[in-house]
Every structure is written in structure tokens, then in C-alpha cells.
Amino acid sequence: MSAVARLATLPWPGRIGLAIVAFWLAMAAFGGFLAPHDVGAIVSQDVFGAFSARHPLGTDYLGRDMLSRILHGSRFTIGLALAAALAASTCGTAIALVAATAGGWVDEAVSRVMDAFISIPSKMLALVMVAAFGSSPALLILTAALSYTPGAFRIARALAVNVRTLDFVQAARARGEGLPYIAAVEILPNMVNPMLADFGLRFVFVVLLLSGMSFLGLGVQPPDADLGSLVRENISGLFEGAPAVIVPAAAIATLTVGVNMLIDSVSGRARAVEA
Amino acid sequence: MDPLVRVEGLRITARKPTGEAAVLVDDVGFEIPKGEVLALIGESGSGKTTVALSLLGYARPGCRIESGRIVVDGIDVLSLDDEGRYGLRGRKVAYIAQSAAAAFNPMKPLMDQVIEAALIHGTATRAAAEAKAVALFADLALPDPGGIGRRYPHQVSGGQLQRLMAAMALITDPGLVVLDEPTTALDVTTQIEVLRAFRAVVRDRGATAVYVSHDLAVVAQMADRIVVLNGGRARESGTVDQVINHPRDEYTRRLVAAAAPQPRGEPRGAVETPLLEVRALVAGYGRLDRDGLPAARVLEDIDLTIARGAAVGVIGESGCGKTTLARVIAGLVPAARGDVRFDGQPLPTDLRHRSREQFRRIQIVFQNADTVLNPAHSIERILARPLAFYRGLRGEAARARIAQLLDLVKLPASVASRRPSELSGGQKQRVNLARALAADPDLILCDEVTSALDTVVGAAILDLLADLRRELGVSYLFISHDISTVRAVCDEVVVLYAGRKVDAGDRAAMGHPPFHPYADLLIASVPALRIGWLDALPRRLAASLPPVGEALDEGLCPFLPRCAVRRAGRCDTTPAPKQVLPGGREILCHVSLDELARIQSGGAA
Ligand SMILES: Nc1ncnc2c1ncn2[C@@H]1O[C@H](COP(=O)(O)OP(=O)(O)OP(=O)(O)O)[C@@H](O)[C@H]1O
Ligand code: SF4
Ligand SMILES: [Mg+2]
């Protein structure tokens with residue numbers, strides 16, 4: 001099915017989700033060029049300024065242009081989350097394929113180790129990592145990837161084990177195929193769809209983790225800012241209902257809800273097509 | 001007298017996911033006089049279940065009864081509202097489905113479920129309904145009619161559950177009983193018990209029934225009249241005798257021909273060099289114990305030889321270990337004891353120690369074509385892999401060979417670009433076969449290659465196998481639960497029972513007694529396309545035997561609990577000896593071959 005035809009059959013919530021996701025991806029990619037002001041520039045006397053023609057999204061607690069800061073912040077949030085979610089899903093899937101195709105004690109050992117990892121709360125792990133190594137974008141990606149790899153592994157392994165018992169895998173074994181071929185060519189293509197849905201979910205988790213970290217002041221460090229740190233630094237504007245705190249919070253919300261809507265309808269449809 | 005059921009101009013349509021309407025049933029009509037059994041026969045997709053369901057005023061989700069008239073016992077079924085339909089179902093019309101297991105709640109005792117309809121419709125008090133149920137159980141030849149109602153569904157066998165479902169349907173004395181493939185899911189030996197019971201009940205109670213089936217031979221035993229459906233239209237209808245013995249319609253003729261498979265290919269002598277030799281094989285599943293024997297032993301002491309170019313058939317009921325045998329030879333299940341030699345060389349039973357050449361020369365065609373082709377790959381890719389893997393063929397050469405292979409299995413070249421999900425069952429089975437042929441194998445292990453297919457499609461695959469054998473000289477290990485298919489394609493037949501080889505011989509020898517008692521039961525249970533076959537069955541097969549008592553010792557004849565000719569003092573104390581006749585015939589039994597031959601030719605047991 002061509003991409004256009006696929007789009008045509010997407011239910012409404014899926015289309016809305018797709019539009020939101022596309023919007024945020026575009027913002028992350030090109031937002032920097034669209035920003036009317038420099039991120040760090042104090043451009044207004046007015047702190048926690050309201051929506052206005054000069055500053056469409058108001059100004060923050062120092063009088064900086066909120067639109068420019070959101071555009072800049074979304075690039076951090078989305079960029080870091082994408083990288084971390086991609087790393088988590090890829091590692092999880094790869095390890096799961098090795099475990100499931102090898103089977104036996106390899107599978108057993110890997111699964112136990114992953115179970116141990118999964119029992120560490122992700123926030124806790126993040127706090128320890130930041131405390132030990134200091135906060136940097138690379139470390140944040142590593143931390144988030146580490147905390148979500150076991151989850152992705154679990155899903156991927158369950159899928160792979162299911163596929164492994166199917167007759168076409170038995171047929172490949174009887175043909176004399178090696179394990180790498182069976183994993184990559186016979187099993188992997190049959191788990192891509194659900195793993196894409198899982199990837200979307202991981203992405204949302206990472207966005208929330210990073211935002212939470214930044215909100216605690218442990219995430220992206222000034223002068224850079226992601227959506228979470230934007231909420232934090234403007235939190236004192238909450239009582240006056242300043243756009244500076246509402247807008248980044250709304251940005252996080254729309255991003256995560258949009259991704260969720262998209263995966264729900266795409267994976268639901270994949271199931272309907274298979275049935 | 002007015003007929004009990006009259007159907008006129010029935011037309012049923014369905015809406016496809018793409019939005020267009022598909023006609024499932026078109027202009028079907030028939031009448032059933034009271035007390036008669038009408039059979040609806042056709043292949044899968046011919047619309048037989050759709051017609052049967054419409055008699056209850058029911059159309060499956062997405063389907064719509066567009067036009068026509070259905071009158072059951074004076075009631076215009078299609079004009080009923082929901083409440084009217086509800087009263088009709090269960091009381092006037094009862095439905096017995098293909099799989100009884102799905103119709104029972106596993107958590108409730110059987111009796112409660114059997115009498116439920118009577119209580120709901122208020123046709124009887126609880127005590128009266130239970131008494132009636134017990135009488136029905138007895139009529140249906142269920143063991144322990146008084147007590148079986150206290151059991152739960154998992155505590156009875158599949159054949160018994162099917163009969164209990166019949167009791168459930170008959171409890172309200174419905175005017176019309178609809179039986180939808182009620183024995184298709186059963187082994188032949190079980191099917192025969194169920195057929196007998198159904199027949200007796202339908203006849204004794206003078207019930208009017210619609211019997212839906214794809215099996216002409218079964219229908220010949222059960223029905224008075226037959227309607228042949230194909231592609232949603234009635235191709236022919238008439239009395240059983242007329243349809244079976246003097247079919248007028250071209251499609252009916254093909255159906256009749258496919259029901260009685262003709263032998264394909266000339267039998268070969270066993271003088272040629274053996275291609276595959278299996279000696280004293282023991283195999284199974286689960287953890288190995290200290291002696292290296294698996295926890296669940298499935299195959300015991302199996303010997304088997306396949307000569308070059310020969311076809312050896314393996315038959316036996318579900319779970320007897322047929323697939324396991326093929327998997328051991330293919331290297332998917334390790335052998336615990338015994339050895340396998342291929343072309344004179346020992347064949348490692350562990351996959352990892354086999355050479356690519358050994359893999360190439362033995363190909364396995366799995367039972368279920370629906371799951372054996374990777375849904376993510378195109379047919380071209382599926383066929384290209386063995387070509388590249390075994391012979392290094394790529395690009396143009398591979399494409400040419402794929403076209404040849406598709407042609408060999410009589411598929412159009414256009415399927416190459418499709419995915420498995422876009423093919424029919426028969427087409428998938430052909431691709432499955434083509435993939436095996438791509439390796440240019442010497443031996444193909446065919447596991448129930450035709451079982452999932454309609455008779456006519458299955459017959460075409462059997463022809464294909466016979467052609468390939470003649471043209472390419474491949475050997476087959478042909479696994480099936482259906483002895484008539486096996487006899488049609490194989491030079492030699494091996495009968496497995498509970499993982500033991502109980503009977504073996506060439507095609508000619510397997511055509512007449514003596515047989516091992518199990519083989520005898522199996523062969524005699526296959527419905528023949530002959531009216532009155534069921535009534536003429538020899539008495540020795542009718543037996544429901546007294547239980548044997550305590551659990552069987554290992555090594556004793558596994559057929560003991562079901563054997564009608566067992567010899568007390570011998571069969572239950574010592575393992576059965578292997579009796580060998582000249583010409584390679586082998587029977588594992590205590591009873592002498594002369595005696596067996598005498599009993600099975602019609603003498604008393
Ligand atoms: N992977 C497995 N693990 C454990 N037991 C198994 C496994 N596969 C099959 N069995 C058991 O081994 C026995 C033989 O199975 P097998 O598949 O060889 O039967 P079959 O004769 O091919 O039956 P069918 O006609 O239903 O295909 C059965 O009791 C089955 O339950
Ligand atoms: S050995 Fe005995 S129980 Fe077994 S088949 Fe022969 S007669 Fe029957
Ligand atoms: Mg099988």
C-alpha cells in the first residue's frame with residue numbers, strides 16, 4: 001500500500017495525531033530558523049508578559065521572548081527524546097532477537113539481567129547518573145536509553161518468541177538457515193509493526209522523564225532549555241496564569257497526546273489488517 | 001402434506017472491507033418434508049454454513065439476507081423480530097456446530113448446559129429435562145449415561161462432546177436440527193461412533209434435519225436428499241442415490257470423483273537401494289532423563305525404509321507421532337535412540353551437524369500452509385531463498401527458475417509478486433511445495449499436505465505429487481490421517497498407533513486382510529461413497545469395550561484398551577511380537593495372522 005493510500009484509511013484521531021507529530025517534528029527541525037529573537041536575549045521590560053503581537057506567546061520571568069524559547073526548547077526535548085527512544089528500541093529489539101533465536105541458557109541469562117534492570121525506577125537511575133557524572137545532553141540520552149531498553153526488550157522478546165514458534169521459522173531451520181538469517185529475515189519483519197508502536201510509547205516516556213528531570217533542575221542546563229526547564233523556570237508565573245508557564249506545559253501535553261493518538265490508530269489498524 | 005421447511009430464492013450478500021457487496025448465496029431454494037434429512041454439500045466458501053444459519057433467521061456480522069423466503073413449520077423466519085427469532089432458535093430449530101468445544105462453558109457441569117435451553121424456554125421442569133437428557137445420552141451411545149452429566153467439558157473426549165452437543169440441541173424436541181460439519185474435527189475412528197449415534201437418534205425420533213458437510217461419503221450415510229452448492233449457487237439437487245450414482249452436473253461429477261481417490265503411479269518393487277533408513281528410533285519431547293530419554297516419549301522403536309523413487313505413507317490418528325517422525329528426519333527433533341541413514345551415510349539428528357547438501361536433499365513440506373510461509377515476504381522472495389541458499393542462483397537465473405517452479409506447481413507467474421495472505425489455501429500449499437522443489441531434493445517429507453484443503457483441490461495436489469515423482473524421481477514420505485489418500489499415492493503404508501509401528505506393508509498387501517486390529521478399525525472407518533455403508537459395518541467395529549482396568553504397563557500393546565480381539569492373559573501381560581510375512585508385511589500383534597485374516601474377512605471374533 002502506498003503511503004498516500006495508507007493515510008487515506010487512517011481514522012480521524014490518527015490523522016490528528018499525525019498532524020500534531022508532524023508539526024512538532026517540523027518545529028524541532030526548523031524552529032531555530034523561525035525564532036524571531038535570540039534565545040538568551042532579554043527583549044522586553046515586561047516579565048511574564050501576556051500574549052501580544054510583539055511576543056505571540058508572551059515573555060518569561062526575565063522578559064525573554066517565549067516563542068523563541070519554545071522553538072528552541074522543543075528542539076532539545078524532541079531531539080534528546082528521539083535519540084534516546086531510538087537507542088532504547090533498537091538495543092531492546094536487537095538483544096531480544098539474539099536471546100529469542102539463541103534460546104536456551106542465553107535467553108534465560110539475558111532475560112534475568114533485563115528483569116533486574118527493569119526493577120530500577122527510571123527516575124531513580126536518572127538521579128544517580130546525574131549525581132555521579134553531572135548533567136549533559138549525552139548523559140541524558142544515555143540515561144533515558146538505559147532505563148527504557150529493558151522495557152523495549154521485554155516487548156520485543158515476547159514478540160520474537162511468538163514468531164519463533166511459527167511454522168515458517170521451523171521451515172527455515174529445516175532448510176539449514178543460520179541463526180542470524182532467521183533472526184533478521186524471518187523474525188524481524190514480523191515484529192516491526194508492533195515495535196514501531198512501542199517506539200512511540202518509549203518516546204513519550206522519555207519526553208516525560210526528561211521534562212521531569214529538567215523540572216527538578218537536573219536535566220538540560222541553562223542557558224539551554226528544554227520544555228521541562230521552561231516550565232520550571234517560569235513556575236512562579238503560575239499564579240498569575242502567565243503564558244510563560246502554560247505554553248511549555250501545553251507543548252509537552254500536545255506532543256505526548258499526539259504521539260499516543262497516532263500509535264493507537266496505527267497499531268490498532270495493523271491488528272485489524274492482520275486479522 | 002406440506003413440507004416442514006421451504007426455502008425459496010434465497011440471496012445473501014456481504015459487504016467487503018473495501019465497501020463493495022459480494023454475493024454469498026444466490027437463488028438457493030429447497031424443501032424438506034417432515035422426517036427427512038437434507039444435506040448441503042460444497043467446498044469451503046461455497047456458502048453452505050451461510051444457508052444453514054439463515055434457517056435460524058441468522059446472518060453473520062456483515063452479511064445480509066437480501067431476498068427470498070424461508071418457512072419453517074409454518075413460520076416465516078425472515079419476517080420475525082428479535083424476540084420471535086429467539087423463540088425460534090433452540091425450540092423450533094436447533095444448531096449443532098462444527099466445534100463442540102467452543103459451544104460449552106468449561107466451568108459448568110455438562111448436564112446444566114445440556115438442559116439449559118429446556119429450562120429457559122420453559123418446555124420442561126428440571127427433573128423432567130434431566131431424565132430426558134439421560135435418555136438422550138443413552139440413545140447417543142455415551143458411556144455412563146446417568147453419570148456423564150456431572151462431568152465437565154474437559155473430562156470427556158472430543159467425540160463425546162460432539163454427541164453431548166447433539167443432546168443439548170435435541171433437548172427441546174426441535175422440529176428442525178441443523179448439523180454443521182459435526183464430525184469434521186474428529187478422527188475417522190471417532191467420527192464413525194458419532195455418525196452412528198446421530199443416525200440412530202435422527203431416525204428413531206423422526207427428526208427433520210439439515211446436514212452440512214464437505215464430505216460426500218459421510219452425507220451418503222446420513223441424508224435422504226442432497227443439495228450441491230458451489231460458489232453460492234445450488235448446482236444440483238436430488239435424492240442421495242441420484243446425486244451420487246448419476247450426477248448430472250459437471251461440478252458434482254468432479255466432487256464424486258475426488259471422493260474416491262484413484263491410485264496414482266505404479267507401485268514399485270522394494271529392490272532398489274534404500275534412500276532413507278530409520279532403525280529402532282526413539283524420540284520425544286521434554287527434558288532428557290539420565291539415560292538420555294525424553295520425558296514425553298512419542299515414538300518407540302520405529303523402523304522405516306524408503307527406497308529411491310518410492311513413496312511411503314504414514315497414517316495414524318491425531319497425536320500418534322506422525323509429524324514428530326517427519327521432524328526427526330528433518331532434524332528438528334533430536335532422536336534419543338536409534339539411527340537414521342540417508343543414502344548410505346549416517347544422518348546426524350542434530351541440525352548443527354548436518355551439511356548444507358544434506359539439508360538440500362531432504363525437504364519438509366509442513367502440515368499447515370497458512371503458517372508456513374512468512375507473511376512478511378513475497379512469494380518470489382520465499383522461493384528465491386532456497387535457490388540462493390543451496391545453489392547460489394541469483395538475479396535473472398533465479399527469476400527464470402522461479403517462473404519454472406511456479407509453472408511446475410501450476411500457478412500463474414503473477415503470484416510471484418504477491419504475499420501469502422493474498423493466496424487461497426490451495427495456492428499456498430502449492431507455493432509450499434514449490435519451495436521444497438526449489439532445492440531439487442531427493443526426498444520430500446509431506447506432512448498432511450492435502451488435509452486442510454477441499455477434496456477437489458486436494459485431489460489436484462495429489463495428482464501434482466504423482467506427476468513430480470514420475471518426472472523428477474523424488475521420493476516421498478507421505479503423512480496423512482486419511483488412509484484413502486495414502487493408498488492413492490504410496491507404494492508402501494506404515495500404520496502408527498501411539499508412536500509404535502503396528503502395521504506395515506505394500507499397497508497391494510494393505511488392500512486385504514490380515515490387518516493389525518487398529519489398521520482394520522482405521523480402514524473400515526473411512527466412509528465409503530455407498531448408500532447404506534454405515535448400516536452394513538461389521539459388528540466387530542461397533543464395540544464399546546469394557547475398560548481394561550489399571551494403567552497399562554510400558555511395553556504392552558498400546559491398542560489394548562480399544563482392541564476388540566484382545567486376548568486376555570497374553571495381550572495384558574507380554575509385549576506384542578512382530579509377525580513378519582514374506583514380502584515385507586509386518587504386524588505387531590499377539591493374534592496370529594491367519595486368525596486375524598479369518599476375523600476380518602467376516603468371521604466371528
Ligand atoms: N513441541 C512439543 N512439545 C511437547 N509435546 C509435543 C510437542 N509437539 C507435539 N507433542 C506431542 O507429541 C505427540 C505427537 O505429536 P505429533 O505432532 O507428532 O502428532 P501427529 O500424529 O502429527 O498428529 P496430527 O495428526 O494431529 O498432526 C502428541 O501427543 C503431541 O501432543
Ligand atoms: S496385541 Fe492384543 S491388544 Fe494388541 S492389537 Fe493385538 S490382539 Fe489387540
Ligand atoms: Mg501432524
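Computed from a predicted structure; not experimentally measured.

Time to look at the site of ligand 2. Taken together, His 516, Pro 517, Cys 557, Leu 560, Cys 563, Val 565, Arg 566, Cys 571, Ala 576, Cys 589, His 590 and Val 591 of chain B make up the full set of residues near ligand 2. When its residues are assigned to classes, the shell around ligand 2 shows nine nonpolar, two polar and one charged.

Residue and element names in this part refer to chain B. The full set of residues close to ligand 1 is Tyr 285, Val 298, Glu 317, Ser 318, Gly 319, Cys 320, Gly 321, Lys 322, Thr 323, Thr 324, Gln 367 and Glu 448. At 2.7 Å from an oxygen atom of ligand 1 is found a side-chain nitrogen or oxygen belonging to Lys 322. One of the side-chain nitrogen or oxygen atoms of Gln 367 is found 3.1 Å away from an oxygen atom of ligand 1. For ligand 1, whose unbound accessible area comes to 640 Å², protein coverage reaches 57%. Of all the elements, helix 10 (residues 322-330) adds the most residues to the shell around ligand 1, at three residues. Each residue belonging to the shell around ligand 1 can be placed in one class, and the counts come to three nonpolar, six polar and three charged.

Let us look at the coordination of the magnesium ion (ligand 3). All names here are of chain B. Protein coordination at the magnesium ion (ligand 3) comes from Thr 323 (OG1) and Gln 367 (OE1), with a distance range of 1.9 to 2.5 Å. Separated by 44 residues along the polypeptide, Thr 323 in helix 10 and Gln 367 in the loop between strand 16 (362-365) and helix 12 (369-372) bring together distant segments of the chain. Take Thr 323: its relative accessible area is 24%, and that puts it in the partly exposed class. Taking relative accessible area as the criterion, Gln 367 reaches 35% and is therefore assigned partly exposed.

Residues and elements named next belong to chain B. Per the domain assignment, the segments making up chain B are domain 1 (5-50 + 58-259), domain 2 (274-511) and domain 3 (517-603). Each side of the interface is counted separately: domain 2 has 21 residues, and domain 3 has 17 residues. Carbon and sulfur atoms supply 56% of the area that domain 2 and domain 3 bury against each other, a total of about 1,600 Å² over both sides. Of all residues in domain 2, the largest losses of buried area upon contact with domain 3 belong to Tyr 497, Arg 500 and Val 502, amounting jointly to 34% of the total for that side. Scanning the region where domain 2 abuts domain 3 turns up four salt bridges. Between Asp 503 and Arg 585 there is a salt bridge, with its nearest N and O atoms 3.1 Å apart.

All names here are of chain B. For the structure shown, the criterion picks out 55 salt bridges over all chains. Measuring nitrogen to oxygen at the nearest pair gives 3.2 Å for the salt bridge that ties Arg 352 to Asp 350. Here Arg 352 falls in the exposed class, since its relative accessible area comes to 71%. On the accessibility criterion, Asp 350 (27% relative accessible area) is partly exposed. Each of Glu 277, Arg 279, Asp 303, Lys 501, Lys 578 and Glu 586 takes part in one network of salt bridges that share partners.

What follows is about the confidence of the model for chain A. Residue and element names in this part refer to chain A. In this model, chain A carries an average pLDDT of 84, and 94% of its residues clear a pLDDT of 70 or more. Confidence scores differ between elements of chain A, with helix 1 (residues 3-9) showing the lowest mean pLDDT of 62 and helix 8 (residues 179-187) the highest of 92. Of the regions scoring below 50 in pLDDT, residues 270-275 engages in one contact with residues more than four places distant in sequence or in other chains.

Bringing the pairing of strand 3 (residues 37-41) of chain B into the picture now. Residue and element names in this part refer to chain B. In terms of burial, strand 3 is a largely internal element, five of the five residues being buried. Of the two faces of strand 3, the one carrying Val 37, Ala 39 and Ile 41 and the one carrying Leu 38 and Leu 40 are both buried. The sheet contact formed by strand 3 and strand 8 (residues 208-213) spans five bridges and is parallel. In the sheet register, Ala 39 faces strand 8, and the bridge partner there is Tyr 211. As judged from the four bridges shared by strand 3 and strand 9 (residues 225-230), these two strands associate in the parallel manner. Bridge pairing links Leu 40 to Val 227 in strand 9.

Residue and element names in this part refer to chain B. Closest axis-to-axis distance for the helix 5 (residues 158-170)/helix 6 (residues 188-204) pair is 9 Å, and the angle between their directions is 20°. Considering the angle they form, helix 5 stands roughly parallel to helix 6. The two elements helix 5 and helix 6 cross, and the hand of that crossing is right-handed. Residue-level inspection shows Gly 159, Gln 162, Arg 163, Ala 166 and Leu 170 of helix 5 in contact with helix 6, the latter providing Thr 190, Glu 193, Val 194, Ala 197, Phe 198 and Val 201. Class assignment for the residues of the contact of helix 5 with helix 6 results in six nonpolar, three polar and two charged.

Another aspect to go through is helix 5 of chain B. Residues and elements named next belong to chain B. For helix 5, with 13 residues, the first-to-last C-alpha span of 19 Å sits near the 18 Å given by 1.5 Å per residue. Burial within helix 5 is extensive, with twelve of its 13 residues counted as buried. Residues of helix 5 that are buried: Gly 159, Gln 160, Leu 161, Gln 162, Arg 163, Leu 164, Met 165, Ala 166, Ala 167, Met 168, Ala 169 and Leu 170. Its buried side turned inward, helix 5 meets strand 6 (93-96), helix 3 (110-120), helix 4 (126-139), strand 7 (176-180) and helix 6.

Attention now moves to the interface of chain B and chain A. Tallying the contact residues gives 20 residues for chain B and 14 residues for chain A. Taken together, the two surfaces of chain B and chain A that pack against each other cover about 1,600 Å², and 57% of this comes from carbon and sulfur. Connecting chain B to chain A are one salt bridge. Among the salt bridges present, the one from Arg 385 of chain B reaches Glu 177 of chain A, with a minimum N-O distance of 2.7 Å. The interface formed by chain B and chain A contains eight residue pairs in polar contact (both at pLDDT 80 or more). Elements with a contribution of two residues or more to the side of chain B that touches chain A: helix 12 and helix 13 (379-391) of chain B. With five residues, helix 13 of chain B is the single largest residue contributor to the side of chain B that touches chain A. The class makeup of the residues in the side of chain B that touches chain A is twelve nonpolar, four polar and four charged.

Residues and elements named next belong to chain B. One open sheet holds the four strands; their spatial order is 2-1-4-5, and the pairing between them is antiparallel. The sheet is open, and its two borders are formed by strand 2 (21-32) and strand 5 (75-76), each paired with just one other strand. The pairing of strand 1 (residues 5-15) with strand 2 spans eight bridges and is classified as antiparallel. Paired with Val 7 across the bridge in strand 2 is Phe 30.

Given 3.6 residues to a turn, an α-helix orients residues that are three or four positions apart in the same direction. Residue and element names in this part refer to chain A. When the terminal C-alpha atoms of helix 5 (residues 122-133) are compared, their 16 Å separation across twelve residues agrees well with the 16 Å that a helix rising 1.5 Å per residue should span. Looking only at helix 5, the buried set comprises Ser 122, Leu 125, Ala 126, Met 129 and Val 130. Buried residues of helix 5, seen end-on, are gathered within an arc of 130° and therefore sit on one face of the element. Turned more than 90 degrees away from the buried face of helix 5 sit Val 128, Ala 131 and Ala 132, all of them exposed. On the buried face of helix 5, the contacting elements are helix 6 (137-164) and helix 9 (192-215). Gly 134 lies just past helix 5 and shows a positive phi near 75°.

Next up on the list: the side chain of Asp 180 of chain B. All names here are of chain B. Residue placement: Asp 180 occurs in strand 7. Of the side chains bearing the opposite charge, Lys 48 lies closest to the buried Asp 180, which forms no salt bridge; the N-O distance is 6.5 Å. Side-chain polar atoms of Asp 180 contact the side chain of Thr 49, separated by 3.0 Å. Residues within four places of Asp 180 in sequence aside, it is in contact with Thr 49, Tyr 95, Ile 96, Ala 97, Gln 98 and Val 212.

Right, let's get into the packing of aromatic side chains. All names here are of chain B. Within this structure, the stated rule accounts for six aromatic pairs over all chains. Ring centres of Tyr 497 and Phe 559 lie 5.0 Å apart, and the angle between their planes is 80°; on these two criteria the pair is classed as edge-to-face. Remark: Phe 559 occurs in the loop between helix 18 (517-525) and strand 21 (578-580) and Tyr 497 occurs in strand 19 (residues 492-497); sequence separation between them is 62 residues. Taking 5.4 Å as the distance between ring centres and 70° as the angle between the ring planes, the aromatic pair formed by Tyr 518 and Phe 559 counts as edge-to-face.

Parameters and conventions
- Residues numbered from 1 in each chain as written.
- Chains lettered and ligands numbered in written order.
- Predicted model: local features only at pLDDT ≥ 70, side-chain atom pairs only at ≥ 80, totals over all residues.
- Heavy atoms only, no water.
- Near = heavy atom within 4 Å.
- Nonpolar A, V, L, I, M, F, W, Y, C, P; charged D, E, K, R; others polar.
- Polar contact = N/O pair within 3.5 Å; in protein donor to acceptor, adjacent residues only side chain to side chain.
- Areas by Shrake-Rupley, 256 points an atom, 1.4 Å probe, with all protein chains shown as cover.
- Helix = DSSP H or I, 4+ residues; strand = E, 2+ residues; numbered from the N terminus.
- Donors = N, O, S within 2.8 Å, 3.2 Å for Na, K, Ca; no water.
- Buried < 20%, exposed > 50% of the residue type's maximum accessible area, 1.4 Å probe, protein only.
- Domains from an automatic or database assignment.
- Contact = heavy atoms within 4.5 Å.
- Buried area = accessible area lost by both parts, 1.4 Å probe.
- Salt bridge = Lys/Arg side-chain N within 4 Å of Asp/Glu carboxyl O.
- pLDDT = per-residue confidence, 0-100.
- Pairing = 2+ DSSP bridges.
- Axes fitted to C-alpha atoms, helices over the stretch in contact; angles between N-to-C directions.
- Parallel < 35°, antiparallel > 145°, perpendicular 65-115°, else oblique.
- Left-handed = near helix turned anticlockwise from the far one by under 90°.
- Expected span 1.5 Å × (residues − 1).
- Arc of directions from axis to C-beta.
- Lys, Arg positive; Asp, Glu negative; His and termini not counted.
- Phe/Tyr/Trp six-rings, centres within 6.5 Å; stacked < 30°, edge-to-face > 60°.

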